[in-house]
Amino acid sequence: MRIYGSYIYPYFFDMKVENVLILDTLDGMYRQQNISDFMRNSYSYCQKHESEIREHIKLKEQL
């Protein structure tokens, strides 16, 4: 799916971490931070929640 010239894998649309959609969290970070802080903090966020993210992807790819 293309949104604003980028591609997002479909399994990200319903992925939640701490009961919040991951795309909402990342979008909020993007809007509230300068690009350098966003890149650093979003990467840290994904690292912190890597096991949950990977598990969600694994489950979605099995469907």
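Described below are features of the structure shown in this document. No experiment lies behind these values; they were computed from the predicted model shown.

Section: a nonpolar patch on the surface
Turning to step 1, where the next piece is worked out: Judged by side-chain polarity, Tyr-30, Ile-35 and Met-39 come together as a nonpolar surface patch covering roughly 340 Å² of accessible area.
Turning to step 2, where the next piece is worked out: With respect to the secondary-structure elements, Met-39 resides in helix α2 (residues 35-48).

Let's talk about the side chain of Ser-42
Turning to step 1, where the next piece is worked out: For Ser-42, the position within the fold is in helix α2.
Turning to step 2, where the next piece is worked out: At 3.4 Å, the side chain of Ser-42 forms a polar contact with the backbone oxygen of Met-39.

So, the packing of helix α1 (residues 22-32) against α2
Turning to step 1, where the next piece is worked out: Where α1 meets α2, the closest approach of the two axes is 9 Å, and the angle between their N-to-C directions is 155°. Classified by the angle between their axes, α1 and α2 sit roughly antiparallel to one another. Considering the relative orientation of α1 and α2, their crossing is right-handed. Contacts from Ile-22, Thr-25, Leu-26, Met-29 and Tyr-30 of α1 reach α2 at Ile-35, Phe-38, Asn-41, Ser-42 and Tyr-45.

Side note on helix α3 (residues 50-61)
Turning to step 1, where the next piece is worked out: Between the first and last C-alpha of α3 there are 16 Å, a value that for twelve residues agrees with the 16 Å anticipated at 1.5 Å per step.
Turning to step 2, where the next piece is worked out: Taken as a whole, α3 has its buried residues at Ile-53, His-56 and Ile-57. Seen end-on, α3 carries its buried residues on one side only, within an arc spanning 100°. Along α3, exposed side chains directed more than 90 degrees from the buried face belong to Ser-51 and Arg-54.
Turning to step 3, where the next piece is worked out: Elements that come into contact with the buried residues of α3 comprise α1 and α2.

Here's the deal with the pattern of salt bridges
Turning to step 1, where the next piece is worked out: Within this structure, the stated rule accounts for four salt bridges.
Turning to step 2, where the next piece is worked out: In this structure, Arg-31 engages Asp-27 in a salt bridge whose closest nitrogen and oxygen atoms are separated by 2.8 Å. Of this pair, Arg-31 and Asp-27 both sit in helix α1, four residues apart, which is roughly one turn of that helix.
Turning to step 3, where the next piece is worked out: Owing to a relative accessible area of 65%, Arg-31 belongs among the exposed residues under this scheme.

Parameters at a glance
- Residues numbered from 1 in each chain as written.
- Predicted model: local features only at pLDDT ≥ 70, side-chain atom pairs only at ≥ 80, totals over all residues.
- Heavy atoms only, no water.
- Patch = residues over 30% accessible without salt bridge, like charges linked within 9 Å, V, L, I, M, F, W, Y side chains within 5 Å.
- Areas by Shrake-Rupley, 256 points an atom, 1.4 Å probe, with all protein chains shown as cover.
- Salt bridge = Lys/Arg side-chain N within 4 Å of Asp/Glu carboxyl O.
- Helix = DSSP H or I, 4+ residues; strand = E, 2+ residues; numbered from the N terminus.
- Polar contact = N/O pair within 3.5 Å; in protein donor to acceptor, adjacent residues only side chain to side chain.
- Axes fitted to C-alpha atoms, helices over the stretch in contact; angles between N-to-C directions.
- Parallel < 35°, antiparallel > 145°, perpendicular 65-115°, else oblique.
- Left-handed = near helix turned anticlockwise from the far one by under 90°.
- Contact = heavy atoms within 4.5 Å.
- Expected span 1.5 Å × (residues − 1).
- Buried < 20%, exposed > 50% of the residue type's maximum accessible area, 1.4 Å probe, protein only.
- Arc of directions from axis to C-beta.

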